[in-house]
Amino acid sequence: MNPFSLEGKKALVTGANTGIGQAIAISMSVAGAEVLCAARRDCDETLEKVSKGRHVPLDFADPMAAASLFDNEQIDILINNAGIIRRADSVDFSEADWDDVMDVNLKAVFFTCQAFGKAVLARNGAGAIVNVASLLSFQGGIRVPSYTAAKHGVAGLTKILANEWAAKGININAIAPGYIATNNTEALRNDPDRNQAILERIPAGRWGEPSDIAETAVFLSSPAAKYINGAILNVDGGWLAR
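Residues numbered from 1 in each chain as written. Predicted model: local features only at pLDDT ≥ 70, side-chain atom pairs only at ≥ 80, totals over all residues. Heavy atoms only, no water.

*Asks:* Which residues make up a negative patch on the surface, and what values do they have?
*Replies:* Taken together, the side chains of D42, D44, E45 and E48 present a region of like negative charge at the surface. Mapping D44 onto the fold places it in helix α2 (residues 44-47). When its relative accessible area of 46% is taken as the criterion, D44 is described as partly exposed. (Patch = residues over 30% accessible without salt bridge, like charges linked within 9 Å, V, L, I, M, F, W, Y side chains within 5 Å. Areas by Shrake-Rupley, 256 points an atom, 1.4 Å probe, with all protein chains shown as cover. Salt bridge = Lys/Arg side-chain N within 4 Å of Asp/Glu carboxyl O. Lys, Arg positive; Asp, Glu negative; His and termini not counted. Charge placed at Lys NZ, Arg CZ, Asp CG, Glu CD. Helix = DSSP H or I, 4+ residues; strand = E, 2+ residues; numbered from the N terminus. Buried < 20%, exposed > 50% of the residue type's maximum accessible area, 1.4 Å probe, protein only.)

Here it is as structure tokens:
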């Protein structure tokens, strides 16, 4: 058996309509999984590149949006990728921007993990969770207080759930992406000074591609990673080593 295969597995990927989430959904499909593409918007572009899958409309502005999803069908892999960001100086940051980011990026992650975990444990099954953390799970960042707090929280949730579930057949880990070439970073890449400063800090000498994160997610979801538990894996070209 190929330890990297996801043949016969069903994976839920949140935020699968674009960017990193789209790349993860496609790589999951290539590895053999049936993919449920969860997003507020349609996932038509993603589904065109997925051999077997469908769109699951979920808006994690409601942190309990996926609470009953796992009651209706067996899902083996959960990828918590959906997230938002709000930027302002900390002295000016609003309560609404704090709550909106924390709801989507942390509260929804926990309660989606909880619902998935309950379903897997109830059937005495096995499962894998991969949370998408951030370099700001380790660093402070600037002008993104709620995002930084939430991503620190994602790292903590990953560890506590691994402590509780690793012996019960559920692997849970997280990926901390570095600077990835997506729509969200287009402005940075188009700014010659910022782009150069970022590249000079990355030992690999390039921006990451969404596929770099996607292939890591496939690995962490596969039997090959069965003894990796509670890890926050930096996929950053060496950024944090500099």
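*Asks:* Tell me about helix α1 (residues 19-30), residues and numbers included.
*Replies:* Counted at 1.5 Å a residue, the expected span for α1 with its 12 residues is 16 Å, and the 17 Å between its end C-alpha atoms agrees. Looking at α1, one finds that the buried residues are I20, G21, Q22, A23, I24, A25, I26, S27, M28 and S29. Buried positions along α1 lie against β1 (10-14), β2 (34-39), α2, β4 (77-80), β6 (170-177) and α8 (210-221). Looking at the residues trailing α1, positive phi occurs at G32, about 115 degrees. (Expected span 1.5 Å × (residues − 1). Contact = heavy atoms within 4.5 Å.)

*Asks:* I'd like a description of the pattern of salt bridges, backed by residues and values.
*Replies:* A complete count under the given rule lists seven salt bridges for this structure. Residues R86 and D100 are paired through a salt bridge, measuring 3.0 Å at the closest nitrogen-oxygen approach. Here R86 is found in the loop between β4 and α4 (95-122), whereas its partner D100 is found in helix α4, with 14 residues between them in sequence. Residue D212 is joined to R206 by a salt bridge in which the shortest nitrogen-to-oxygen separation is 3.1 Å. Among the residues examined, D212 registers a relative accessible area of 25% and is labelled partly exposed. Members of the salt-bridge network, linked through shared partners, are K10, R54 and E73.

*Asks:* Residues and numbers for the sheet that holds β2, please.
*Replies:* Taken in spatial order, the seven strands of this open sheet run β3-β2-β1-β4-β5-β6-β7, and their pairing is parallel. Two strands lie at the open edges of the sheet, namely β3 (53-57) and β7 (232-235), each paired on one side alone. With strand direction ignored, the average angle separating the axes of adjacent strands in the sheet is 20 degrees. Strands β4, β5 (127-132), β6 and β7 of the sheet are contacted by α8, whose axis makes an angle of about 165 degrees with β6. (Pairing = 2+ DSSP bridges. Axes fitted to C-alpha atoms, helices over the stretch in contact; angles between N-to-C directions.)

*Asks:* Give a detailed account of the packing of aromatic side chains, specifying residues and quantitative values.
*Replies:* All told, the structure shown has five aromatic pairs when counted by the stated rule. Between F70 and F116, the aromatic rings sit 5.6 Å apart at their centres with planes inclined by 80 degrees, giving edge-to-face as the arrangement. Taken as a pair, F70 in helix α3 (residues 69-72) and F116 in helix α4 lie far apart in primary sequence, 46 residues in all. There is no split in this pair, since F70 and F116 are both buried. Each ring, one from Y179 and one from W207, has its centre 5.6 Å from the other, and the planes form 85 degrees; the classification is edge-to-face. (Phe/Tyr/Trp six-rings, centres within 6.5 Å; stacked < 30°, edge-to-face > 60°.)

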